[in-house]
Amino acid sequence: MVTVVKAMTQALYLEDSYLRECDGTVVSVKEGKYVVLNQTIFYPKGGGQPWDIGKIVKDNETYSVVYVRKFSGEISHEVDHAGLKEGDKVHCVLDWQRRYRLMRSHTAAHVFASLLCTYTGALVTGNQLEEDKIRFDFSLEKFDPETLTEYIDKANKLFRKDIQVRWYELPREEALKIPGVIKMAEAFPPDIPRLRIVEVVGIDRQADGGTHVNNLKEVGQIRALKTENKGKHNRRVYFALT
Ligand SMILES: [Zn+2]
């Protein structure tokens, strides 16, 4: 059982990120288009990962899910038109192509951050996944396009290996003893007693509520896009899945 999410909605994407469809029951509807379900496969915006899109189907009516976010601890699905009501039995279908790309790039981000921090001592100050690229902000005096390419190459070597990615929960105090476990901050809610740890075996462990692939081979390869200087020590890089 996942105990990370205390809200009424069971976050199935945390237990199994590969679920593309699920059944559910409508728990509440606000303003006709903000729908809360008893369980969901839709990832809400947060932790540097964009929200999922897809559809909720009730009988023969299809409602497009255009935005998903956490609102007062609940996972709220914004649908494109009104009609759903409390107690409705529905079927959820993810836009899997988009989600799977995000899972691959999210996992790539872990590996890139881990290499960068391990080899340069940089502090990650921000990261944002987009559908077509990954952005990283970090604090480091010197970083140029050649160095970015070097780290992309290092990461790509790892993406050719059979390396498992797994998750488990740890008591908060125990989790916080792991060096660098909150490298990508804001990726987990504060004040929860147990943290969900995502481990790229032998490479990185992060407190993390996002979705990832199960093996580094699934990431494929990444390519450098660009580097930017944002002040004296702040560096920004972009890379993307090939
Ligand atoms: Zn993650």
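In what follows, the accompanying structure is described. (Residues numbered from 1 in each chain as written. Predicted model: local features only at pLDDT ≥ 70, side-chain atom pairs only at ≥ 80, totals over all residues. Heavy atoms only, no water.)

**Here we look at the nonpolar core**
Logical step 1: With 57 residues, the main nonpolar core has I56, F112 and F136 as its most contacted residues.
Logical step 2: Residue contributions to this core peak at eleven residues, all from helix α2 (residues 96-120).
Logical step 3: Listed in part, the eight residues of the second largest apolar core include V181, I192, I197 and A207. (Core = buried A, V, L, I, M, F, W, Y, C linked by side-chain atoms within 4.5 Å. Buried < 20%, exposed > 50% of the residue type's maximum accessible area, 1.4 Å probe, protein only. Helix = DSSP H or I, 4+ residues; strand = E, 2+ residues; numbered from the N terminus.)

**Concerning the side chain of Q49**
Logical step 1: Structurally, Q49 is set in the loop between β4 (39-40) and β5 (54-58).
Logical step 2: Among the polar contacts listed, one links the side chain of Q49 to the side chain of H106, at a separation of 2.8 Å.
Logical step 3: In contact with Q49, not counting residues within four places along its chain, are Y43, P44, H106, Q128, L129, G210 and T211. (Polar contact = N/O pair within 3.5 Å; in protein donor to acceptor, adjacent residues only side chain to side chain. Contact = heavy atoms within 4.5 Å.)

**Focus: unusual backbone geometry**
Logical step 1: With phi around 50°, E31 is a residue other than glycine that occupies positive phi space.
Logical step 2: Tracing the chain through its elements places E31 in the loop between β2 (21-30) and β3 (34-37).
Logical step 3: Notably, D59 is not glycine yet its phi reads approximately 50°, a positive angle.
Logical step 4: Considering the arrangement of structural elements, one finds D59 in the loop between β5 and β6 (61-71).

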